[in-house]
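# Analysis of the macromolecular model
As a plain string of letters, each chain reads:
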Amino acid sequence: MSTFQAPKGTYDLIPPDSAAYLAVREAISAPLKRAGYGYIETPGFEAVELFSRGVGESTDIVSKEMYTLTTKGGTTLALRPEGTASVLRAALQNNLHKLGNLPVKLWYSGSYYRYERPQAGRYRHFSQVGAEAIGTEDPVLDAELIILAVDAYKALGLKNFRVLLNSLGDKECRPVYRAALQQFLAGLDLDEDTVRRAEINPLRVLDDKRDAVQKQLTGAPMLRDYLCEACKEYHEQVRELLTAAGVAYEDDPKLVRGLDYYTRTTFEFVHGGLGSQSAVGGGGRYDGLSEMIGGPALPSVGWALGVDRTVLALKAEGVELELPATTDVFAVPLGEEARRTLFGTVTELRRAGIATDFAFGGKGLKNAMKSANRADARFAIVAGERDLAEGVVQLKDMRSGEQTAVALDALVATLQEKLA
Ligand code: ATP
Ligand code: MG
């Protein structure tokens, strides 16, 4: 071990497990690409104010979990704790909303940073794939995003996940509800922190996981009883579209989520095999965010799915992903001359699209065959100087042990056929 360790709350993605992470990112992004979402990449850090204004001063993400730093030039920056504010900032800065059709549909994949209490499924550095559809208010768009996430989970082979759905209302109806909820909360026996939260962001109290709080919330006014006609109608359409697409969901009137910017449709994807960190992804509509960060009115909707927790969910369900073989063929040269010639063959095989590795370092036959086994190669090609002088290599099927001489100039075609 070296003197250094990965910082608390972080871990290294290493082979072979790292292959599952790549496969998850790929599986989540594939349905998005088919649905017209374009790839966007934004910096790993942004102005602190983007998040404090966008995500909200009263959220845990901003008030407790943000990594902030001051540059030598005196600018304060934050490592990005989430993706939506950055993507919207980038869309506005690059005038994407003026250049093409609305909605602007974007997807992203990357690392996010939150100073959290580390535990299983909760890290200080984690990875998300996200999608945002910017500039259009249309329940079909909300439904589209939920369907694309569900299709991604299904494509991965996940079964034990659920979709929770709620509406948070809009600037017409939410303030009325907020006041009613605040009045209700004022009559409860809450700790100091929660009393303060009830003043700043009362909806978040509904999300409190503690039993002592949850017990007192029985009988609390529910937002769904306060939704204005427009919000009710909108939400009903989202629900109908999901049902028509065969997506099962559960109405969760207490689902509020931790970010201030959400309006109307809010949803979360939860998995049963993850213990208390049950959310594998979440999102919703954020019609007011653009104006909060100085842009024009751009009603938008999006989600972010956690890659780390999706991998944990796959493990919990015992799903084996179909990963491409890392090594189809392992080449074993016998002798110095064979080493150079056979490496030429390795390059040729690789260029032909065959995953090929080599016994480096002048290993003896026995050790080299051990390496071929460890690499889980389907075939080994073994060649000494005499074979090569005759223009052949010995092709060994690692499963059957069968060995045949194959002409060098027929090797690519032979292997392509056998591996097909
Ligand atoms: P939680 O309620 O578990 O804290 P959240 O509401 O903070 O989740 P979001 O901001 O909605 O999470 O992020 C979307 C997804 O990103 C989550 O559903 C989860 O899968 C993942 N995620 C969020 N925070 C972490 C973290 N600290 N470690 C690993 N994954 C995370
Ligand atoms: Mg959180």
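Because the structure is a prediction, the values reported are computed rather than measured.

Take helix H1 (residues 18–34) next. Between its terminal C-alpha atoms H1 stretches 25 Å, which fits the 24 Å expected from 17 residues at 1.5 Å a residue. Every buried residue belonging to H1 is among Ser18, Ala20, Tyr21, Val24, Ala27, Ile28, Ser29, Pro31 and Leu32, and all of these are buried. For H1, the elements touching its buried residues are strand S5 (104–113), strand S6 (125–134), helix H6 (139–156), strand S11 (300–306) and helix H12 (307–317). Gly36 lies just past H1 and shows a positive phi near 90°.

Take the packing of H1 against H6 next. Packing of H1 against H6 leaves a shortest axis separation of 8 Å and a crossing angle of 140°. If you check the angle between H1 and H6, you find them oblique. Of the two elements, H1 crosses H6, and the hand of that crossing is right-handed. Packed against H1, whose contacting residues are Ala23, Val24, Ala27, Ile28, Pro31 and Leu32, the element H6 presents Leu148, Ala152 and Leu156 at the interface.

In this section: the packing of aromatic side chains. Evaluated as defined, the whole model comprises twelve aromatic pairs. Plain terms: the ring middles of Tyr153 and Phe161 are 5.1 Å apart, the flat faces sit at 50° to each other, and that makes the pair tilted. For Tyr153, a relative accessible area of 0% puts it in the buried group. Note on Tyr153 and Phe269: the rings are 5.6 Å apart at their centroids and 70° apart in plane angle, and the pair reads as edge-to-face. Residue Tyr153 is located in helix H6, and its partner Phe269 is located in strand S9 (residues 263–271); the two are separated by 116 residues in the primary sequence. No difference in accessibility class separates Tyr153 from Phe269, as the two residues are buried. Positioned above the aromatic ring of Tyr115, the side-chain terminus of Arg124 is 4.1 Å from the ring centre. One Lys or Arg, Arg264, reaches over the ring of Tyr234 and ends 4.7 Å from the middle of that ring.

This next bit is on the pattern of salt bridges. Oppositely charged side chains can pair when the atoms bearing their charge come close. One pass over the full model with this rule turns up 22 salt bridges. Put simply, Asp193 and Arg196 hold a salt bridge, and the shortest N to O gap is 2.9 Å. Of this pair, Asp193 and Arg196 both sit in helix H8 (residues 192–200), three residues apart, which is roughly one turn of that helix. The salt bridge involving Arg239 is made with Asp251; its shortest N-O contact spans 2.6 Å. A residue pair is termed long-range when its members are at least 10 positions apart, and Arg239 in helix H10 (residues 229–244) and Asp251 in strand S8 (residues 250–251) qualify at twelve residues. Judged by relative accessible area, which is 37%, Asp251 ranks as partly exposed. Within the structure, one salt-bridge network assembled from shared partners comprises Asp60, Lys64, Arg197 and Arg204.

Turning next to the site of ligand 1. What surrounds ligand 1 is a group of 14 residues, the closest being Arg114, Glu116, Tyr123, Arg257 and Arg309. Contact between ligand 1 and Glu116: a nitrogen atom at 2.6 Å from a side-chain N or O atom of the residue. Here an oxygen atom of ligand 1 and a side-chain polar atom of Arg122 are 2.9 Å apart. Protein burial of ligand 1: of its 590 Å² of free accessible surface, 89% is covered by the chains. Secondary-structure elements contributing two or more residues to the shell around ligand 1 are S6, strand S10 (279–285) and S11. By residue number, the principal contributor to the shell around ligand 1 is S10, which donates three residues.

Turning our eyes to something else, we now look at the sheet that holds strand S15 (residues 392–397). Pairing is mixed across the open sheet formed by five strands, whose spatial order is S13-S12-S14-S15-S16. Each end of this open sheet is capped by a strand with a single partner; those strands are strand S13 (356–358) and strand S16 (403–407). Sheet twist, expressed as the mean angle between neighbouring strand axes with direction ignored, is 30°. The sheet strands contacting helix H14 (residues 365–374) are strand S12 (329–334), strand S14 (379–384) and S15, and the helix crosses S12 at an angle near 170°.

Taken in spatial order, the three strands make up an open sheet running S2-S4-S3, and their pairing is antiparallel. Either end of the sheet is taken by a strand with one partner, and the two such strands are strand S2 (45–47) and strand S3 (68–70). Across this sheet, the average inter-strand angle for adjacent strands is 35°, counted without regard to direction. When S3 meets strand S4 (residues 76–79), the two strands line up antiparallel, connected through three bridges. Bridging across to S4, Thr68 finds its partner in Ala78. The strands touched by helix H2 (residues 48–56) within the sheet are S2, S3 and S4, with S2 carrying the most contacts at an inclination of about 75°.

Rules behind the numbers
Residues numbered from 1 in each chain as written. Chains lettered and ligands numbered in written order. Predicted model: local features only at pLDDT ≥ 70, side-chain atom pairs only at ≥ 80, totals over all residues. Heavy atoms only, no water. Helix = DSSP H or I, 4+ residues; strand = E, 2+ residues; numbered from the N terminus. Expected span 1.5 Å × (residues − 1). Buried < 20%, exposed > 50% of the residue type's maximum accessible area, 1.4 Å probe, protein only. Contact = heavy atoms within 4.5 Å. Axes fitted to C-alpha atoms, helices over the stretch in contact; angles between N-to-C directions. Parallel < 35°, antiparallel > 145°, perpendicular 65-115°, else oblique. Left-handed = near helix turned anticlockwise from the far one by under 90°. Phe/Tyr/Trp six-rings, centres within 6.5 Å; stacked < 30°, edge-to-face > 60°. Lys NZ or Arg CZ within 6 Å of the ring centre and 35° of its normal. Salt bridge = Lys/Arg side-chain N within 4 Å of Asp/Glu carboxyl O. Near = heavy atom within 4 Å. Polar contact = N/O pair within 3.5 Å; in protein donor to acceptor, adjacent residues only side chain to side chain. Areas by Shrake-Rupley, 256 points an atom, 1.4 Å probe, with all protein chains shown as cover. Pairing = 2+ DSSP bridges.

On their own, these measurements won't tell you what the molecule is for.
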